[in-house]
Amino acid sequence: MNNSHWSKFNGSKKITSESGAALVIALMVLFVVAGLSFAYIALTTNSLVRVDRQERNMVASALAEAGLDYVMDQEKSLPGGFISKSYDLNSVLSGLMSGATGSATITPISGSMAKIRATAVYRNESESVEIVAQTSSAGPWEAAIFAGVGQSGGGINGNVKVAGSVVILGDGESYTDTNGNGVRDAGEPYVDIDADGAYDPPLTSSDTAMALGGTAGVQNNYAGMPIELSSRIPALGTVTYGGETVQSLNAKVHVKRGGVSLSGSGTIGSENQTGNTIKETVDGVYVTDGVTGSGVNSDNGSSNPYDLADDATFPYLSDPYTDTATG
């Protein structure tokens with residue numbers, strides 16, 4: 001008896017091949033790896049492009065800010081208010097970053113206010129910055145009170161009206177800083193402005209640069225001036241305030257060092273009254289060390305810091321002088 005056993009499948013053999021399946025899997029893995037590699041390369045390239053653009057954007061933005069600072073410095077040195085003007089900033093910006101170009105425009109809003117826009121281009125990336133700038137009278141001849149040293153503990157009391165701007169520096173008496181440490185040391189020479197034989201240091205935040213008491217105040221108009229005087233001076237210029245055309249001294253209060261104290265009926269500006277021809281509120285108050293008292297009526301409140309940087313300086317008779325006629 002034959003124990004052999006045979007199976008037939010329609011007369012053909014069943015053949016399996018594991019090596020063929022492995023080849024297919026290997027090709028599939030290869031394609032997946034290649035696809036991931038291409039995707040990674042594309043992602044990396046896009047990231048590099050994005051980083052490069054961000055870098056160019058940051059540089060262009062910084063250059064635009066630098067261009068704006070340059071224009072502001074130029075305008076500070078010019079007399080009068082703003083006029084329509086354009087600046088070529090190519091040489092200025094290329095000196096900061098090779099290949100950079102730029103320009104700026106000034107568009108007056110009023111005689112003392114303008115929009116200033118600076119644009120910088122760096123490696124085809126353009127950025128612009130725009131501000132609204134307003135001029136401030138920082139010179140000693142344009143203020144009703146311009147004080148250099150200041151007077152700690154001193155004050156204005158009684159029926160005193162200050163018509164116009166007030167600028168108090170409180171810088172102390174000037175001195176020669178021989179050791180360059182930024183403060184005056186004993187023995188270093190100084191200018192004894194008040195001839196009291198002692199050096200007057202800068203005011204501190206606890207000192208009072210100006211105290212207004214009684215009915216004393218700072219005002220933005222000539223209200224209360226005797227007719228004998230008002231008839232002898234030019235009429236005030238006008239501004240638009242609250243929808244009305246009113247006369248104004250463009251008065252502001254700038255105090256660099258030391259605070260301002262208001263007591264009694266002491267005021268800075270007064271409440272706006274409609275229907276008349278004068279501006280009662282002052283245009284601004286800028287006191288780094290603060291104002292105490294409630295008698296402030298200002299267009300910008302009373303909590304703003306000193307805004308003139310080092311542009312305002314007190315003139316001394318010992319300062320060098322150049323005659324404009326003789327040179």
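Just above, that's the structure.
Each residue is numbered by its place in its chain's sequence as written, counting from 1. Residues qualify for local features only when their pLDDT is at least 70, as the model is predicted, and side-chain atom pairs are given and counted only at 80 or more; totals for whole chains, interfaces and linings, by contrast, use all residues. Excluded from the side-chain calculation are hydrogens and water; included are all heavy atoms of the structure.

**Details of the overall build of the chain**
For step 1, the next point in the chain: Secondary structure elements are defined from DSSP: runs of H or I of at least 4 residues count as helices, runs of E of at least 2 residues count as strands, and each element is numbered from the N terminus. The helix and strand tally for the chain stands at 3 helices and 16 strands.
For step 2, the next point in the chain: Burial classes follow relative accessibility: with a 1.4 Å probe on protein chains only, a residue under 20% of its type's maximum area counts as buried, one over 50% as exposed, and anything between as partly exposed. Counting across all 327 residues of the chain, residues that qualify as buried make up 28%.
For step 3, the next point in the chain: In the chain, the share of contacts with a sequence separation of at least 24, taken over all contacts with a separation of at least 6, comes to 58%.
For step 4, the next point in the chain: The Shrake-Rupley method, run with a 1.4 Å probe, gives the accessible areas here. Residue values count only the displayed protein chains as cover. When the accessible surface of the chain is summed, it comes to about 20400 Å², and 55% of that surface belongs to carbon and sulfur atoms. In what follows, a contact means two residues having at least one pair of non-hydrogen atoms within 4.5 Å.

**Let's talk about the sheet that holds strand S15 (residues 284–287)**
For step 1, the next point in the chain: A sheet is described by the order of its strands in space; here 4 strands give the open sequence S5-S7-S12-S15, paired in parallel fashion. At either margin of the open sheet sits one strand with a lone partner, and together these are strand S5 (145–147) and S15. Averaged over all pairs of adjacent strands, the angle between strand axes in this sheet comes to 5°, irrespective of strand direction.
For step 2, the next point in the chain: In this structure, strand S7 (residues 166–168) lies alongside strand S12 (residues 252–255), joined through 3 bridges in parallel fashion. The residue of S12 that forms the bridge with valine 167 is histidine 254. The criterion for strand pairing is that DSSP finds at least two bridges linking the strands in question. In this analysis an axis means a line fitted to C-alpha atoms, helices contributing only their contacting stretch, and an angle means the value between N-to-C directions, from 0 to 180 degrees.

**Section: unusual backbone geometry**
For step 1, the next point in the chain: Despite not being glycine, arginine 123 shows a phi value in the positive range, around 50°.
For step 2, the next point in the chain: Mapped onto the secondary structure, arginine 123 falls in the loop between strand S3 (113–122) and strand S4 (125–134).

**Digging into the sheet that holds strand S9 (residues 217–219)**
For step 1, the next point in the chain: Pairing is parallel across the open sheet formed by 3 strands, whose spatial order is S6-S9-S14. Of all the strands in the sheet, the pair left with one neighbour each is strand S6 (161–163) and strand S14 (267–268).
For step 2, the next point in the chain: In the sheet, S6 pairs with S9 via 3 bridges, with the strands oriented parallel. Bridge assignment links alanine 163 to a residue of S9, and that residue is glutamine 219.

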